[in-house]
Amino acid sequence: MTEKVTVTLRKQKWEVEPGKSARKIMEELDLNPENFLTIRNGELVDESVRLKAGDHLKLVAVISGGSHGS
Amino acid sequence: MRQHKLALCKEHFPAWIQEQTGRFIKKYRMFGREDRVLVAVSGGKDSLALWEVLIQLGYEADGLYLGLGIDEGVGYSDVSRKMVEAFAARHPRARLHILDVEGVYGEGIPALARRVRRGKGRPCSVCGLVKRHEMNRIAHELGYNVLATGHNLDDEVAVLFQNTLNWRVQYLARQSPVLPEGDGFARKVKPFFRFYERETAAYAIVRGIDYIYEECPFAAGATTIYYKELLNRLEAGKPGAKLHFLLSFLQAREREGLLAGREEKQIELHPCENCGQPTTAPGLCAFCRLWSEDVRSQSAEALRPITLHFARKDAQESLVVEDCGPG
Ligand SMILES: [Zn+2]
Ligand SMILES: [Zn+2]
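Residues numbered from 1 in each chain as written. Chains lettered and ligands numbered in written order. Predicted model: local features only at pLDDT ≥ 70, side-chain atom pairs only at ≥ 80, totals over all residues. Heavy atoms only, no water.

Regarding the coordination of the zinc ion (ligand 2)
All names here are of chain B. With distances of 2.3 to 2.4 Å, the protein atoms coordinating the zinc ion (ligand 2) are Cys272 (SG), Cys275 (SG), Cys285 (SG) and Cys288 (SG). Taken together, the 4 donor atoms coordinating the zinc ion (ligand 2) and their angles of 103 to 114° define a geometry best described as tetrahedral. Ordering the donors of the zinc ion (ligand 2) by residue number gives the pattern C-x2-C-x9-C-x2-C. One end of the pair, Cys275, is in the loop between β7 (270-271) and β8 (278-279); the other, Cys288, is in the loop between β8 and α13 (293-296), with 13 residues separating them in the sequence. (Donors = N, O, S within 2.8 Å, 3.2 Å for Na, K, Ca; no water. Tetrahedral: all angles 85-135°; square planar, octahedral: opposite > 155°, others 65-115°. Helix = DSSP H or I, 4+ residues; strand = E, 2+ residues; numbered from the N terminus.)

Shown next as structure tokens:
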């Protein structure tokens, strides 16, 4: 069991200290929280949620660039 | 505000999205129970979430998927089609129409973009032309009077911002959550136009809708993404800025005469010699000009999409492939 929080975004992976909010973690990684949804251990959570040691935080990019409808 | 919705009421969030969608459909007079709605589905979060919400709200809403033949080493079209088919299989009340552009016209978007002048270095331009034409044609041929797309607030604001930076007056005059039908065009509606992209993504995730996360390989690095990120920086410092920008624009146009007079400046349209769809050019429309005589003049039969209808029988799902005339 790791003492850290694992953060993934697509193929990128980081390990960060526990006790910080998802928002704080994104800001420290220089990511704009507006661009992502935060999923903790498989569950969609608000970005204000604090992460504990051993938690997995998955960042899902929400911006899409193609036009719609096919 | 958006953040609340997710934070405070996660169990009520899907119902909130559904109610709001229903409210916007009525408020902006998009369509009613009597209308037949064709939802353009790409396999992405917005279009699948929209289709699901319209089904939940009890509208007659079927899906249209256009296979664009985009592989580019990642099988983009194959993967997105599987997502859409899997969704349709889980919603047996709705029908899914599929047109394989490559199969019917002999070329997918990448090959077409390489061949024609319009597409040189700009596959998205050709792609947009093909989609607009085929969606409208299929809606008309299958008897749907409304075409719905999954455009969200971020899409609309990015377009508005780009058109404003360039003062593209004719586009600014037209950008709208509802474009009325007429002259052979189906009505076009965007029921999600007031939802943030984060909200539509959250809805898809909470409702367990599997969607394609990958971007269309041609859209990666596209200007839209650049503007969306830029606007999100604005939003981060000034929450609500995006929604305000769009709504105040629509209001200024409607109530304060911004761009007044532009809408009357109608360009004369003629039916295309080949397909009959309205076009500004004499002779062939821009879509028909993409193809050789043989390809564009195929029979209606050959141009018809296939229809999947996953009717449930004895708790066993079986696939019914229908012949899909209007009605
Ligand atoms: Zn609630
Ligand atoms: Zn034509």
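Comments concerning the interface of chain A and chain B
With 22 residues of chain A at the contact, the number on the chain B side is 35 residues. When chain A packs against chain B, close to 2500 Å² is buried across both sides, 52% of that on carbon and sulfur atoms. Where chain A meets chain B, there are 1 salt bridge. Elements with a contribution of two residues or more to the side of chain A that touches chain B: β3 (36-40), β4 (43-45) and β5 (56-61) of chain A. A per-element tally of the side of chain A that touches chain B places β3(A) first, with 3 residues. Counted by class, the side of chain A that touches chain B contains 8 nonpolar, 9 polar and 5 charged residues. (Contact = heavy atoms within 4.5 Å. Buried area = accessible area lost by both parts, 1.4 Å probe. Salt bridge = Lys/Arg side-chain N within 4 Å of Asp/Glu carboxyl O. Nonpolar A, V, L, I, M, F, W, Y, C, P; charged D, E, K, R; others polar.)

Remarks on the packing of helix α2 (residues 13-27) of chain B against helix α10 (residues 197-206) of chain B
All names here are of chain B. The geometry of α2 relative to α10 is characterised by a closest axis approach of 10 Å and an angle of 125° between their N-to-C directions. By the criterion of interaxial angle, the relationship of α2 to α10 is oblique. For the pair α2 and α10, the crossing hand works out as left-handed. Taking contact as the criterion, the partners of Phe13, Pro14, Trp16, Ile17 and Gln18 in α2 are, on α10, Glu199, Ala202, Tyr203 and Val206. Across the contact of α2 with α10, the residue classes tally to 7 nonpolar, 1 polar and 1 charged. (Axes fitted to C-alpha atoms, helices over the stretch in contact; angles between N-to-C directions. Parallel < 35°, antiparallel > 145°, perpendicular 65-115°, else oblique. Left-handed = near helix turned anticlockwise from the far one by under 90°.)

A word on the sheet that holds strand β2 (residues 12-16) of chain A
Pairing is mixed across the open sheet formed by 5 strands, whose spatial order is β2-β1-β5-β3-β4 (chain A). Because the sheet does not close on itself, it has two edges, and the strands there are β2 and β4 of chain A. Recorded for the sheet is a direction-independent mean angle of 30° between the axes of neighbouring strands. As defined by bridge partners, strand β1 (residues 5-9) of chain A adjoins β2(A) across 5 bridges and the pair is classed as antiparallel. For Thr6(A), the partnering residue across the bridge sits in β2(A) and is Glu15(A). Each of β3 and β4 of chain A is contacted by α10(B), which is oriented at about 30° to β3(A), the strand it contacts most. (Pairing = 2+ DSSP bridges.)

Let's talk about a positive patch on the surface
Together, Arg118(B), Arg122(B), Arg132(B) and Arg289(B) line one region of the surface with positive charge. By the element assignment, Arg132(B) lies in helix α7 (residues 123-141). (Patch = residues over 30% accessible without salt bridge, like charges linked within 9 Å, V, L, I, M, F, W, Y side chains within 5 Å. Areas by Shrake-Rupley, 256 points an atom, 1.4 Å probe, with all protein chains shown as cover. Lys, Arg positive; Asp, Glu negative; His and termini not counted. Charge placed at Lys NZ, Arg CZ, Asp CG, Glu CD.)

A look at helix α3 (residues 45-56) of chain B
Each full turn of the α-helix corresponds to 3.6 residues, which orients residues three or four apart in the same direction. Residue and element names in this part refer to chain B. Across its 12 residues, α3 extends 16 Å between first and last C-alpha, which sits within 8% of the 16 Å expected from 1.5 Å per residue. With respect to burial, α3 is a largely interior element, 11 of its 12 residues being buried. Considered for burial, the residues of α3 that qualify are Lys45, Asp46, Ser47, Leu48, Ala49, Leu50, Trp51, Glu52, Val53, Leu54 and Ile55. One or two steps after α3, the chain reaches Gly58, where phi turns positive at roughly 85°. (Expected span 1.5 Å × (residues − 1). Buried < 20%, exposed > 50% of the residue type's maximum accessible area, 1.4 Å probe, protein only.)

Section: unusual backbone geometry
Residue and element names in this part refer to chain A. We note that Arg10 has phi near 50°; this positive angle belongs to a residue other than glycine. Among the structural elements, Arg10 can be located in the loop between β1 and β2. Under the relative-accessibility criterion, Arg10 is labelled exposed at 68%. Of note, the phi angle at Asn41 is positive, near 45°, even though the residue is not glycine. Here Asn41 shows up in the loop between β3 and β4.

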